[in-house]
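Architecture and fold: a report
Chain by chain, the residues:
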Amino acid sequence: MTQHEQPLNVRQAIFQQNEEAEWIDLIHTPGERYRIRLKGEDTNGAYSIIEVIMDPKDEPPYGPMLHIHQRTDELFRILEGKARFQVNGKEFDAGVGDIVFVPKGTPHAFANFSDSLLYMQIMFTPGGEEAFWQKINGMPLDEMEEVCNTFHVLLVGPPLQK
């Protein structure tokens, strides 16, 4: 096999209509919903993509706890609204069209403190991290730490505060 040839089963073209992806509501952060757009198994483990919608709300938590992914890099792309990020101890706002890259091993959190909807896309490399959201669907916060450990995610602090 030459270096330009690849086995036919290495990668497959994928088309997924927007309506086909199912939203998952998280009970520990009301108003926060996720949907899996591309699974790691679809890309032979190269990456996975999820989307997040966070409705504005008056009471905390406004987003996930400060955490570290030990296995995956994370790339955020803001599609609508504005997100407050804390990455490696620094806070900043990201708006429509902005990209935030968080390498594995970096403490980070995000929140929606605005009065409008936040809609963003998150890509994980390598893939497989999307299974985390399937596993925690309907799970109370106090039961999540064991699942986090399974997916090599460390909870290292509270969610962001206004």
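Residues numbered from 1 in each chain as written. Predicted model: local features only at pLDDT ≥ 70, side-chain atom pairs only at ≥ 80, totals over all residues. Heavy atoms only, no water.

Section: the side chain of E32
What counts is decided by this rule: By the criteria applied, helices consist of DSSP H or I runs no shorter than four residues and strands consist of E runs no shorter than two, each listed in order from the N terminus. Categorising residues by exposure relies on relative accessible area from a 1.4 Å probe, with only protein chains included: less than 20% of the type maximum marks a residue as buried, more than 50% marks it as exposed, and the intermediate range marks it as partly exposed. Charged residues are defined narrowly, with Lys and Arg counted positive, Asp and Glu counted negative, and His plus the chain ends left uncounted. What makes a salt bridge here is a side-chain nitrogen of Lys or Arg within 4 Å of a carboxyl oxygen of Asp or Glu, nothing more. Two N or O atoms count as a polar contact when they lie within 3.5 Å, although within protein this holds only if one can serve as hydrogen donor and the other as acceptor, and sequence-adjacent residues are included solely when both atoms are side-chain atoms. Whether two residues touch is decided by their heavy atoms; if any such pair falls within 4.5 Å, the residues are in contact.
Assignment of secondary structure puts E32 in strand β2 (residues 32–38). For the buried E32, no salt bridge is present, and the opposite-charge side chain at shortest range is K57, 5.2 Å distant. At 2.4 Å, the side chain of E32 and the side chain of Y34 are in polar contact. If we skip the residues at most four places from it in the chain, E32 touches I24, D25, L26, V52, I53, M54, G63 and P64.

A word on the nonpolar core
This is how the line gets drawn: The nonpolar core is taken to be a set of buried Ala, Val, Leu, Ile, Met, Phe, Trp, Tyr and Cys residues, with the residues joined through side-chain atoms within 4.5 Å.
The biggest cluster of nonpolar side chains holds 29 residues, and the ones touching the most others in it are I50, F76, F85, M120, F132, W133 and I136. Contributing elements (two or more residues each) for this core: β2, β3 (48–54), β5 (73–80), β6 (82–87), β8 (99–102), β10 (118–125), α1 (131–136) and α2 (144–150). If one sorts the elements of this core by residue count, β10 sits on top with four residues. Beyond its immediate sequence surroundings of up to four residues, F76 is in contact with F85, D98, I99, V100, V102, H108, F110, M120, Q121 and I122.

Some thoughts on the side chain of E51
Structurally, E51 is set in strand β3. Engagement of the side chain of E51 in a polar contact is seen with the side chain of R35, the distance being 2.7 Å. A polar side-chain atom of E51 sits 3.1 Å from a polar atom in the side chain of Y119. Ignoring anything within four residues of it in the chain, the contact list for E51 reads W23, R33, Y34, R35, R37, Y119, M120 and Q121.

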